[in-house]
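Okay, here's what each chain looks like letter by letter:
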Amino acid sequence: MAGSPTTTHCPYCSLQCGMTLTPREQGAGTVLEVTGARFPTNRGGLCEKGRSAAELLGHPDRLTTPLVRDVRDEPFRAATWDEALRRIADGLTVAQERHGPDAAGLFGGGGMTNEKAYQAGKFVRVALRSASVDYNGRFCMSSAAAAATKAFGVDRGMPFPLSDIARADTVLLVGSNPADVMPPAMRWFAAGRERGATHLVVDPRHTATAAAADVHLQPVPGTDLALANGLLHLAVKHRLVDTAYVAGRTTGWPAVKRALRQYWPDRVERITGVPVAVMERAVRLLAESRATMILSGRGAEQHAKGSDTALAWINLALALGLPGRPYSGWATMTGQGNGQGGREHGQKADQLPGYRMLADPAARAHVAGVWGVDPDELPQPGVSAYEMLDGLGTDGGVRALLVMASNVAVSAPRAAHVRERLRSLDFLAVSDLFLSETAELADVVLPTTQWAEEDGTMTNLEGRVLRRRRVTDAPEGVRSDLAVLADLARRLGRGEPFDDDPRAVFDELRRASAGGKADYAGITWERIEAEQGVFWPCRSEDDAGTPRLFRDAFPTPDGRARFHVVHHRDAAETPDDEYPYRLTTGRSRAHYQSGTQTRRTKALLDAEPEPAVDIHPDLAARLGVAEGGDLELRTRRARARMRARLTTTIRPDTVFAPFHWSGEQTINDLTNPALDPASRMPEFKVCAVALEAARTADPPSLRSPEREDPSG
Ligand SMILES: Nc1nc2c(c(=O)[nH]1)N[C@H]1C(S)=C(S)[C@@H](COP(=O)(O)OP(=O)(O)OC[C@H]3O[C@@H](n4cnc5c(=O)[nH]c(N)nc54)[C@H](O)[C@@H]3O)O[C@H]1N2
Ligand SMILES: Nc1nc2c(c(=O)[nH]1)N[C@H]1C(S)=C(S)[C@@H](COP(=O)(O)OP(=O)(O)OC[C@H]3O[C@@H](n4cnc5c(=O)[nH]c(N)nc54)[C@H](O)[C@@H]3O)O[C@H]1N2
Ligand code: SF4
Ligand SMILES: [Mo]
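Keep in mind it's a predicted model, so treat the numbers as computed, not measured.

**Some details on the overall build of the protein chain**
For the protein chain, the helix and strand inventory stands at 25 helices and 30 strands. Over its C-alpha trace the protein chain gives a radius of gyration of 24 Å, about what one expects of a compact globule, namely 27 Å for 712 residues. Overall, the C-alpha framework of the protein chain stretches about 70 × 70 × 60 Å when taken along its three principal axes. A total of 712 residues make up the protein chain; the buried ones form 64% of that total. Excluding contacts between residues fewer than 6 apart, the proportion of contacts in the protein chain whose partners are at least 24 apart in sequence is 73%. For the protein chain, the accessible surface area stands at approximately 24100 Å², while carbon and sulfur atoms represent 49% of it. Positive and negative charge centroids in the protein chain, built from 87 and 91 side chains respectively, lie 5 Å apart.

**Description of the site of ligand 2**
Contacts to ligand 2 come from 28 residues, most closely from Asn136, Ser411, Asp432, Asp481 and Ser594. Contacts to ligand 2 include Asp481, whose side-chain N or O atom sits 2.7 Å from a nitrogen atom. Residue Lys685 places a side-chain N or O atom 2.9 Å away from an oxygen atom belonging to ligand 2. With the chains in place, 96% of the 920 Å² that ligand 2 exposes on its own is no longer accessible. Secondary structure elements with two or more residues in the shell around ligand 2: strand 17 (427-432) and strand 23 (581-586). Of the residues assigned to the shell around ligand 2, the class counts are seven nonpolar, 16 polar and five charged. When we break the shell around ligand 2 down by domain, the ones giving at least three residues each are domain 2 (67-140 + 339-450 + 477-517) and domain 4 (581-693).

**A word on the site of ligand 1**
Neighbouring ligand 1 are 33 residues, the closest being Asn177, Asp203, Asp224, Arg587 and His591. Between Gly222 and ligand 1, the recorded distance is 2.8 Å, taken from a backbone N or O atom to an oxygen atom. One of the backbone nitrogen or oxygen atoms of Arg298 is found 2.9 Å away from an oxygen atom of ligand 1. The fraction of the free accessible surface of ligand 1 (910 Å²) that becomes covered by protein chains is 99%. Counting only elements with at least two residues in the shell around ligand 1, the list comes to helix 5 (178-181), helix 13 (298-301) and strand 23. When its residues are assigned to classes, the shell around ligand 1 shows eight nonpolar, 16 polar and nine charged. Two domains each provide a minimum of three residues to the shell around ligand 1, namely domain 3 (142-332) and domain 4 (581-693).

**Some points on the nonpolar core**
The biggest cluster of nonpolar side chains holds 116 residues, and the ones touching the most others in it are Phe123, Phe152, Trp313 and Trp330. It is helix 14 (residues 306-319) that provides the largest number of residues to this core, a total of nine residues. Looking at this core, you find at least three residues from each of domain 2 (67-140 + 339-450 + 477-517) and domain 3 (142-332). In this structure Phe123 touches Leu92, Leu106, Leu128, Leu485, Leu488, Ala489, Leu492 and Phe498, once residues within four positions along its chain are discounted.

**So, the domain arrangement of the protein chain**
With domains assigned, the protein chain is organised as domain 1 (6-58), domain 2 (67-140 + 339-450 + 477-517), domain 3 (142-332) and domain 4 (581-693). One C-alpha centre belongs to domain 3, the other to domain 4; they are set 26 Å apart. Of the residues lining the interface, 27 residues belong to domain 3; the matching set on domain 4 comes to 22 residues. Across the domain 3 to domain 4 interface the summed buried area is about 2000 Å²; carbon plus sulfur atoms make up 57%. Per-residue buried area on domain 3 facing domain 4 is highest for Arg205, Gln302 and Ala304; these three make up 32% of the total on that side. Along the contact surface separating domain 3 from domain 4 lie one salt bridge. Between Arg205 and Asp614 there is a salt bridge; the shortest N-O distance is 3.5 Å. Taken together, the connections running from domain 3 to domain 4 amount to 10 residue pairs in polar contact (both at pLDDT 80 or more). Looking at the side of domain 3 that touches domain 4 residue by residue, the classes come out as nine nonpolar, 11 polar and seven charged.

**Focus: the packing of helix 8 (residues 224-237) against helix 14**
Interhelical geometry of helix 8 versus helix 14 gives an angle of 15° and a closest axis separation of 8 Å. Relative to helix 14, the element helix 8 is oriented roughly parallel. Crossing of helix 8 against helix 14: the hand is left-handed. From helix 8, Asp224, Leu225, Leu227, Ala228, Asn229, Leu231 and Leu232 reach across to helix 14, where they touch Asp308, Thr309, Ala312, Trp313, Asn315, Leu316 and Ala319.

**A few points about the sheet that holds strand 21 (residues 534-535)**
If you walk across this open sheet you meet the three strands as 19-20-21, and the pairing is antiparallel. Bordering the open sheet on either side are strand 19 (456-459) and strand 21, each of which pairs with just one other strand. Pairing of strand 20 (residues 464-468) with strand 21, which is carried by two bridges, proceeds in the antiparallel orientation. Looking at the pairing, Val465 lines up with Val534 of strand 21. In the packing of helix 3 (residues 114-127) onto the sheet, the strands contacted are strand 19 and strand 20, and the crossing angle to strand 19 comes to about 90°.

**With respect to the confidence of the model for the protein chain**
Per-residue confidence for the protein chain gives a mean pLDDT of 96; residues scoring 70 or more make up 97%. When the criterion is pLDDT under 50, residues 699-712 qualifies, and its contacts beyond four places in sequence or with other chains add up to 26 contacts.

The rules behind these values
Residues numbered from 1 in each chain as written. Chains lettered and ligands numbered in written order. Predicted model: local features only at pLDDT ≥ 70, side-chain atom pairs only at ≥ 80, totals over all residues. Heavy atoms only, no water. Helix = DSSP H or I, 4+ residues; strand = E, 2+ residues; numbered from the N terminus. Rg over C-alpha atoms; globule rule 2.2 N^0.38 Å. Buried < 20%, exposed > 50% of the residue type's maximum accessible area, 1.4 Å probe, protein only. Contact = heavy atoms within 4.5 Å. Areas by Shrake-Rupley, 256 points an atom, 1.4 Å probe, with all protein chains shown as cover. Lys, Arg positive; Asp, Glu negative; His and termini not counted. Charge placed at Lys NZ, Arg CZ, Asp CG, Glu CD. Near = heavy atom within 4 Å. Polar contact = N/O pair within 3.5 Å; in protein donor to acceptor, adjacent residues only side chain to side chain. Nonpolar A, V, L, I, M, F, W, Y, C, P; charged D, E, K, R; others polar. Domains from an automatic or database assignment. Core = buried A, V, L, I, M, F, W, Y, C linked by side-chain atoms within 4.5 Å. Buried area = accessible area lost by both parts, 1.4 Å probe. Salt bridge = Lys/Arg side-chain N within 4 Å of Asp/Glu carboxyl O. Axes fitted to C-alpha atoms, helices over the stretch in contact; angles between N-to-C directions. Parallel < 35°, antiparallel > 145°, perpendicular 65-115°, else oblique. Left-handed = near helix turned anticlockwise from the far one by under 90°. Pairing = 2+ DSSP bridges. pLDDT = per-residue confidence, 0-100.

Okay, structure coming up:
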């Protein structure tokens, strides 16, 4: 029997491709067949991750019962929900009694629905009365978000629909590799090129995205800021600045113009390694086109100067008069499924729902009113994600932690240290679909629902609010995070009852966000279905929503965008005699994030069974490493080991490794947690590394001094 098809969205990235799930009988049971749906972002296209997503619904590793243990090194045993939740409530309460309210905390994720993200922030502020909440979006979007807020007065990843890419005449991608990370989005780039558009890519690797483009600028990792300033210096020199736009729509240009004098082309070539002639060509292409877009990705942003780097590219966009012009502007390609919504509704340490700021008295008063608490009872902003993890188990730090929808044991910088901090906690609870590397360290593990088993909303990279639909029942014994947070709030006995119905929570979120920057007040589930998603801000039910921002004004007090003076500085670590090369990290096409999901998917493991380090053949020859040979990577923090993939697509002074793997392939054991002062983003994208052909006989203890615990 074939059941009726239901349309919903992919569980993975922020493209949130529309997909249709159709029940089909297979053997003894029913499986869901996945096909692409004609949604405005993907028009029927799906990548291999989306196509294989349903494999995980009935996966044998799936957690279907809460797990507990009394002693960390003992095996888990199955427990009832009542016991598991009682233990969590006790763990959180005891920590607060002993060490104060902020000793209990929550670490969230940008993959959660808007309703869950909202509930998580409310749970910490109202039920725990704690300041200790932050989430993995800090590792993802925070630099671009900080820059956009400073320059434009609002942070919406793309201020225009994705399909506008096809209408732009020139597109520059900086540190963004959609060919691998959002393959169905490539149709819009291809359509643009068919119309004659010119595309430029800034990436230390000649990626699939760069290969499809017309111009590739291949800088030293961590030098994008200098490159942007250098391009703007040339724009000034060649009188390519849009002076009418600068005078009419911006403030702060004279100081930036003065500061740019230091970025003469030869100096910028020395810093970045990009030849002056290539910069000259690039700036002409950007300035002399009718419609130009600058699209930013994690390559430019995941640096200790990531927010200033994003500001440098925004300066260039403003000087060329792009933001608000048709099919033009600066945008960042948000990453996680709900990376955008996840940062709007209050799981970030300094934010409240609707993109309100927790430190703002008016924002506190509004949200406290919706939550039925006194504004003075709301905590003040807490610390950022890495700072929270680094302080776990210490004086003044979190002692009892609930991790929801993130696998920090693999994905946080200096991850071996983070695992050690997680082990030092008085109490750790993790909610996940599988026993992730973080869950392996916990006292209590909660099994949670997957995308096709729940209703809710997600906000994609365009700021379009979508409906995730429940298609199938969750396995017996599994509960949604929404219900878990409501139950825990009841057990903690503080505040008014929390709802566990996603629609009721969404309606509450609409009220909490009303009047804020990310205003969802006018968005209803019915409208989302009728209109293929609704773009925020949407202030009332007769407001059509806002697909394109900045046409007439910027949401700043004076309506103008702001230039910022920003200067190049070295990465937190630069190569030296001991660590002579640069390591950069990122994604490969078949795997997703910490790999909890995709390392369990047969189709994806077949496509990419293990990780590899990209290394230039010249460097490999110097090290004596052959194709497929084992390479040992060593930084000031730890060692890792991976196979070498020899490729001329990478600079000879730099290696690239994916972060999707665990065990001795945990590349984040090596990465540098140096933080951006404004966004608190860690420097995932560059650190100094030593490389050596690995001797296979090395015992594991010699390979990884920090990794004493075999579970790490
Ligand atoms: N297959 C797959 N797709 C994904 C994900 C996944 O894990 N797997 N994750 C999703 C998420 S959460 C995100 S945030 C997005 C991320 O999407 P992207 O930002 O496109 O992905 P990354 O691979 O992290 O980085 C992009 C590029 O930055 C380059 N780079 C490294 N250092 C530098 C530098 O200093 N300067 C510049 N200009 N470039 C540099 C890398 O070589 C890489 O090609 O992808 C989303 N989609
Ligand atoms: N070296 C390096 N490190 C990086 C990056 C990089 O480029 N380089 N990129 C960073 C970026 S951009 C990101 S976004 C982070 C992501 O890193 P993580 O936060 O670790 O991302 P995921 O692997 O998506 O983790 C989500 C976990 O939650 C589970 N899960 C999925 N949905 C739900 C749900 O609804 N509820 C619950 N309770 N669990 C759920 C999944 O099984 C998975 O274990 O990694 C960062 N780390
Ligand atoms: S591009 Fe992203 S949303 Fe689309 S199918 Fe692939 S993982 Fe899913
Ligand atoms: Mo991300």
